[in-house]
Amino acid sequence: MDDFYFIEQEDPEKVLEMIINLVRERIPKRFGFDSVNDIQVLTPMHRGTIGAGNLNIELQKSLESRRGRRVSRRPSL
């Protein structure tokens, strides 16, 4: 399978950094995707460093600083 990568990391802070780097840099560069419109990050948790709440906040901050404009969340289905 060429489109699946498993990256093992135990430290939640490092996981957060890796996710942000993947969304901002690596995935768009490798596949030509737009960080905001083409990439979706899924997490099985709501709380904690890599829970949905914090992950959304940190990704928004990171992507907004890069684009220079506000990034809004899409409504849940």
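The notes below deal with the structure included here.

Conventions we followed
Residues numbered from 1 in each chain as written. Predicted model: local features only at pLDDT ≥ 70, side-chain atom pairs only at ≥ 80, totals over all residues. Heavy atoms only, no water. Patch = residues over 30% accessible without salt bridge, like charges linked within 9 Å, V, L, I, M, F, W, Y side chains within 5 Å. Areas by Shrake-Rupley, 256 points an atom, 1.4 Å probe, with all protein chains shown as cover. Salt bridge = Lys/Arg side-chain N within 4 Å of Asp/Glu carboxyl O. Helix = DSSP H or I, 4+ residues; strand = E, 2+ residues; numbered from the N terminus. Buried < 20%, exposed > 50% of the residue type's maximum accessible area, 1.4 Å probe, protein only. Phe/Tyr/Trp six-rings, centres within 6.5 Å; stacked < 30°, edge-to-face > 60°. Contact = heavy atoms within 4.5 Å. Core = buried A, V, L, I, M, F, W, Y, C linked by side-chain atoms within 4.5 Å.

So, on to a nonpolar patch on the surface. There is a patch of nonpolar side chains on the surface, built from Tyr5, Ile7, Phe31 and Phe33 and spanning about 400 Å² of accessible area. Within the secondary structure, Ile7 is located in the segment before helix H1 (12-31). The class for Ile7 is partly exposed, based on a relative accessible area of 41%.

What follows covers the pattern of salt bridges. Following the criterion strictly, the structure yields 2 salt bridges and no others. Glu25 is the partner of Arg24 in a salt bridge, and the nearest nitrogen-oxygen pair spans 3.8 Å. What makes Glu25 partly exposed here is its relative accessible area of 32%. Between Glu58 and Lys61 there is a salt bridge, with the nearest N and O atoms lying 3.2 Å from each other. With Glu58 and Lys61 both in helix H2 (residues 52-67), this residue pair falls 3 residues apart, about one helical turn. Glu58 gets classed as partly exposed once you look at its relative accessible area, which sits at 21%. On the basis of relative accessible area, Lys61 is assigned to the partly exposed category, the value being 47%.

Here the focus is the packing of aromatic side chains. Taken as a whole, this structure holds 1 aromatic pair when the rule is applied. Arranged with centres 5.8 Å apart and planes meeting at 20 degrees, the rings of Phe31 and Phe33 form a pair that is stacked. The class of Phe33 is partly exposed, set by a relative accessible area of 40%.

Quick look at the side chain of Ser62 now. You can see Ser62 is positioned in helix H2. Given a relative accessible area of 10%, Ser62 falls into the buried group. With residues up to four places along the chain from it excluded, the contact list for Ser62 reads Ile20 and Arg24.

Counting 10 residues, the largest nonpolar core is built from Val15, Leu16, Ile19, Ile20, Val23, Ile39, Ile50, Leu55, Leu59 and Leu63. Elements with a contribution of two residues or more to this core: H1 and H2. With 5 residues, H1 is the largest single contributor of residues to this core. When neighbours within four sequence positions are excluded, Ile50 is seen to be in contact with Pro12, Val15, Leu16, Ile19, Thr43, Met45 and Leu55.

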